[in-house]
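# Notes for the structure review
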Amino acid sequence: MVAREPLAAAAGLLVGIGATLLAVAARDRRGRSKRRCGGASGAARAAAAASRGERQEEGAAATAEGTAAAAAPPAAVEIEYCVGCRWMLRAAWMAQELLSTFSSSTTEPLVIGRLVLVPNADKPGGVFRVRVNGDEVYDRKAQGGFPEAKVLKQLVRDHLAPQLNLGHSDKK
């Protein structure tokens, strides 16, 4: 029984050291917390907002376009693809391109709130359609081929937020 006590004490010490290492690893070299999704805690955000005072209200009133875009609900995008043609991977790639392009930070409103891949097994024959809020933006049969990622991003942008800059995807 005596031999187990030092092992238990050593295990307790290792657990304590592990918790300390995790706490240190959760901070960057300047001592700030490494929170990825949400930024500061709710209390820290409330304190920062109180210290800023009415500057937030003035900034919101000054940007009429920003408030109009913020008021719009996030879009629902559907990519319908032909199962028989095995176009699921192409549809998933286009979905990833749209989500990465129209993703938002914690300070900006969502542009795309939902993206759904819709397998089409009922009427096979090369279906590849993209809809934004129920409106068809791209149809492979009507357009005569698959969209380039750049073209699809521009079509979705033109439908959702024409003022949005796509960076290098806007250059022709």
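The name given to the protein in an unreviewed UniProt entry is Selenoprotein W, with the source organism recorded as Prorocentrum cordatum.

### Things to note about the pattern of salt bridges
Under the defined criterion, the tally for this structure stands at seven salt bridges. Two residues, Lys 153 and Glu 97, come together in a salt bridge whose shortest N-O distance is 2.9 Å. Taken together, the positions of Lys 153 in helix α7 (residues 149-160) and Glu 97 in helix α5 (residues 88-101) put the pair 56 residues apart, joining distant regions of the chain. Assigned by exposure class, Lys 153 and Glu 97 land together as buried. A salt bridge links Arg 129 to Glu 136, with the nearest nitrogen and oxygen atoms 3.7 Å apart. On the basis of relative accessible area, Arg 129 is assigned to the buried category, the value being 19%. A relative accessible area of 46% means that Glu 136 is categorised as partly exposed.

### Things to note about the state of the cysteines
Summed over the entire model, instances satisfying the criterion amount to zero disulfides. Unpaired in terms of disulfides, Cys 82 finds its nearest cysteine sulfur in Cys 85, a separation of 3.3 Å.

What counts and how
- Residues numbered from 1 in each chain as written.
- Predicted model: local features only at pLDDT ≥ 70, side-chain atom pairs only at ≥ 80, totals over all residues.
- Heavy atoms only, no water.
- Salt bridge = Lys/Arg side-chain N within 4 Å of Asp/Glu carboxyl O.
- Helix = DSSP H or I, 4+ residues; strand = E, 2+ residues; numbered from the N terminus.
- Buried < 20%, exposed > 50% of the residue type's maximum accessible area, 1.4 Å probe, protein only.
- Disulfide = S-S within 2.5 Å.

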